[in-house]
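# Structure at a glance
So the chains spell out like this:
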Amino acid sequence: MTIRAAKFTPEVLLEAPRRSEGLPNSDASKVLYSVSSYSFAEHAKKSEIRILDVESQQTSLITDDKSASEANWIDDETIVFLKSEDDGTTNIVVGDPENFEKR
């Protein structure tokens, strides 16, 4: 579903999703990227790390944890990103992009 704004206001522009540059894997069959948006209604930021399958043009969600950032490929089967914690520490998270949440 697409929601179209009747009038472009600063709020509408600031709530629009922003995508990072894409980072392809070694054979450019998959592209890793992030999407962030802000909701004035909820006063909350939403962030996702996603992978685009170039051949099918389908995307899959890796994580929607708003503290996850700086995603990158280690190799074609493994990604890494940083996850900041409430106590001020940062964890390095490594996983298989095909079933990341199951690891």
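Scroll up for the structure.
We now turn to the structure provided with this report. Just so it is clear, the structure is predicted and the values come from calculations on it, not from any experiment. (Residues numbered from 1 in each chain as written. Predicted model: local features only at pLDDT ≥ 70, side-chain atom pairs only at ≥ 80, totals over all residues. Heavy atoms only, no water.)

### A few points about the environment of Ile92
Mapped onto the elements, Ile92 comes out in strand E8 (residues 90–95). Taking the C-alpha atoms as reference points, Ile92 and Phe81, separated by eleven residues in sequence, lie 6.0 Å from one another. Setting aside residues up to four positions removed in sequence, Ile92 forms contacts with Val80, Phe81 and Leu82. (Helix = DSSP H or I, 4+ residues; strand = E, 2+ residues; numbered from the N terminus. Contact = heavy atoms within 4.5 Å.)

### Section: the sheet that holds E8
The strand order E6-E7-E8 describes an open sheet built from three strands, whose pairing is antiparallel. One side of each edge strand has no neighbouring strand; the edge strands of this open sheet are strand E6 (68–75) and E8. Averaged over all pairs of adjacent strands, the angle between their axes in this sheet comes to 20°, without regard to strand direction. Direction of pairing for strand E7 (residues 78–84) relative to E8: antiparallel, over a ladder of six bridges. Of the residues in E8, the one forming a bridge with Phe81 is Val93. (Pairing = 2+ DSSP bridges. Axes fitted to C-alpha atoms, helices over the stretch in contact; angles between N-to-C directions.)

### Examining the pattern of salt bridges
A side chain with one charge may pair with a side chain of the opposite charge, provided their charged atoms come close. Applying the stated criterion across every chain yields a total of four salt bridges. For Lys46, the salt bridge identified is with Glu48, shortest N-O distance 3.6 Å. Here Lys83 ties to Glu85 by a salt bridge, and the two come within 3.3 Å at their closest N and O atoms. With a relative accessible area of 29%, Glu85 lands in the partly exposed category. Through salt bridges with shared partners, a single ionic network connects Lys46, Glu48 and Arg50. (Salt bridge = Lys/Arg side-chain N within 4 Å of Asp/Glu carboxyl O. Buried < 20%, exposed > 50% of the residue type's maximum accessible area, 1.4 Å probe, protein only.)

### Some remarks on a nonpolar patch on the surface
A surface patch of nonpolar side chains, about 360 Å² in accessible area, is lined by Ile74, Leu82, Ile92 and Val94. As for its position among the elements, Val94 is in strand E8. Take Val94: its relative accessible area is 43%, and that puts it in the partly exposed class. (Patch = residues over 30% accessible without salt bridge, like charges linked within 9 Å, V, L, I, M, F, W, Y side chains within 5 Å. Areas by Shrake-Rupley, 256 points an atom, 1.4 Å probe, with all protein chains shown as cover.)

### Focus on the pairing of strand E4 (residues 44–53)
One face of the sheet, then the other: side chains in a regular strand alternate in exactly this way. Here strand E3 (residues 30–39) pairs with E4 via ten bridges, running antiparallel. Considered in E4, the bridge of Ser37 is made with Lys46. As paired strands, E4 and strand E5 (residues 58–63) are joined by five bridges and run antiparallel to one another. What sits directly across from Ile51, in E5, is Ser60. In this structure, the hairpin formed by E4 and E5 is closed by a connection of four residues, where Gln57 is found at a positive phi of approximately 65°.

### Some points on the packing of aromatic side chains
Aromatic ring pairs are defined here through the distance separating the ring centres and the angle between the ring planes. Per the stated rule, a full pass over the model turns up one aromatic pair. Centre to centre, the rings of Tyr38 and Phe40 are 5.1 Å apart; their planes meet at 80°, and the pair counts as edge-to-face. Given a relative accessible area of 29%, Tyr38 falls into the partly exposed group. A residue is classified by how much of its surface remains accessible, and Phe40, at 31% relative accessible area, is partly exposed. (Phe/Tyr/Trp six-rings, centres within 6.5 Å; stacked < 30°, edge-to-face > 60°.)

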